[in-house]
Amino acid sequence: MRVPFTKMHGLGNDFIVLDGRNATLPPIGSAVVAALSDRHTGIGCDQLIVLETSTRADFAMRIFNADGGEVEACGNASRAVALLHGAEAMVETSGGIIHVEPVGHGARIDMGTPHFEWDQIPLAYAMDTLAMPVGWDGLDQPSAVNVGNPHVIFFTDNCDAVPLENLGPQIEHDALFPERINVNVATVNDRNSIRLRVWERGAGITRACGTGACATAIAAMRRGMVEREVEVTLPGGTLTIEWDEHGHIIMTGPATESFRGTFDWGDYA
Ligand SMILES: N[C@@H](CCC[C@H](N)C(=O)O)C(=O)O
């Protein structure tokens with residue numbers, strides 16, 4: 001069976017998007033996702049995104065990491081999907097219903113409200129999630145925030161010097177995080193801007209992580225380090241994150257369609 005796909009990215013965090021809203025796709029298993037995502041033998045991407053019909057929203061977006069695991073939220077893919085859809089919409093994800101709206105060459109996304117309780121992250125046991133009494137090789141007292149998916153955020157004087165390729169996988173798989181975790185290392189430049197690098201659960205280091213930017217901005221706001229609207233600059237570019245008066249996280253930034261193609265499902269199944 002030949003399947004059409006769209007290759008997209010948000011600040012270099014790249015996706016294969018399959019549109020199952022008006023066509024029947026074969027069942028999506030973790031092996032086929034990992035094969036398609038592979039940059040050497042597949043099409044290659046950080047996340048595979050599947051659009052489906054929904055009874056609760058205008059449509060549904062399923063998100064799979066490059067390792068094949070299905071997850072709850074993806075900020076950059078939400079902007080890409082807004083661009084592809086071409087109109088404002090309510091989108092069901094397993095992390096909650098979000099509102100997407102194309103704006104200029106990107107989109108504005110209402111990601112909903114953040115969660116801070118230890119069992120909402122989730123953590124393995126109770127602790128303060130604003131300044132957690134834990135540390136790994138010079139990174140300590142992180143915050144944890146769930147913005148649909150789980151994030152831990154370390155604030156450091158120079159996030160560019162952190163050996164994230166070594167510490168990221170160690171922290172992602174620590175027993176403290178029963179559903180694993182996305183690992184953010186951030187430096188606050190001033191009250192309006194943050195620098196950020198992310199080790200993504202199930203995908204490794206990416207050029208950008210939209211939910212990481214949201215979680216980091218919210219953690220910095222909770223700690224009183226920045227204003228309620230802030231620019232977050234990742235290796236792939238900059239996002240604007242606002243924590244609005246209704247407690248919702250509003251993310252604004254670019255998204256890009258790279259190309260369209262088709263592939264033979266049998267080559268990857
Ligand atoms: N790249 C995404 C996040 C994708 C999911 C994440 N790796 C997870 O496992 O939760 C983004 O832009 O938010």
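The rules we used
- Residues numbered from 1 in each chain as written.
- Predicted model: local features only at pLDDT ≥ 70, side-chain atom pairs only at ≥ 80, totals over all residues.
- Domains from an automatic or database assignment.
- Contact = placed C-beta atoms within 7 Å.
- Helix = DSSP H or I, 4+ residues; strand = E, 2+ residues; numbered from the N terminus.
- Nonpolar A, V, L, I, M, F, W, Y, C, P; charged D, E, K, R; others polar.
- Near = placed C-beta within 6 Å.
- Core = buried A, V, L, I, M, F, W, Y, C linked by C-beta atoms within 7 Å.
- Buried ≥ 20, exposed ≤ 12 C-beta atoms within 10 Å, placed from the backbone.
- pLDDT = per-residue confidence, 0-100.
- Pairing = 2+ DSSP bridges.

### A word on the domain arrangement of the protein
Domain annotation of the protein identifies domain 1 (2-111 + 255-267) and domain 2 (118-247). Taking only C-alpha atoms, the centre of domain 1 and the centre of domain 2 are 23 Å apart. Each partner contributes residues to the interface: domain 1 has 22 residues there, and domain 2 has 17 residues. With 4 residues, helix H2 (residues 75-85) is the single largest residue contributor to the side of domain 1 that touches domain 2. When its residues are assigned to classes, the side of domain 1 that touches domain 2 shows 6 nonpolar, 12 polar and 4 charged.

### Quick notes on the site of the ligand
The ligand sits among 19 residues. The nearest are Asn76, Asn149, Arg201, Gly210 and Thr211. At the level of elements, strand S4 (59-65), H2 and helix H4 (210-222) are the ones that each hand at least two residues to the shell around the ligand. By residue class, the composition of the shell around the ligand is 5 nonpolar, 11 polar and 3 charged. When residues of the shell around the ligand are assigned to domains, at least three map to each of domain 1 (2-111 + 255-267) and domain 2 (118-247).

### Considering the nonpolar core
The biggest cluster of nonpolar side chains holds 76 residues, and the ones touching the most others in it are Val17, Val81, Ala213 and Cys214. No other element matches the 7 residues that H4 contributes to this core. Composition of this core by domain shows at least three residues from each of domain 1 (2-111 + 255-267) and domain 2 (118-247). Among residues more than four places away in sequence, those in contact with valine 17 are Phe5, Thr6, Met8, Ile49, Leu51, Ala80, Val81 and Leu84.

### Structural notes on the confidence of the model for the protein
Taken residue by residue, the protein gives an average pLDDT of 98. The fraction at 70 or more is 100%. The ipTM, which scores confidence in the relative placement of chains, is 0.99 for this predicted complex, and the corresponding pTM is 0.98.

### Here's the deal with the pairing of strand S11 (residues 143-146)
Alternating positions in S11 separate into two faces, Ser143 and Val145 on one and Ala144 and Asn146 on the other, with burial throughout. Inspection of the sheet shows S11 paired to strand S12 (residues 150-155) by 4 bridges, in the antiparallel sense. Bridge assignment links valine 145 to a residue of S12, and that residue is histidine 151. In this structure, the hairpin formed by S11 and S12 is closed by a connection of 3 residues, where glycine 148 is found at a positive phi of approximately 110°.

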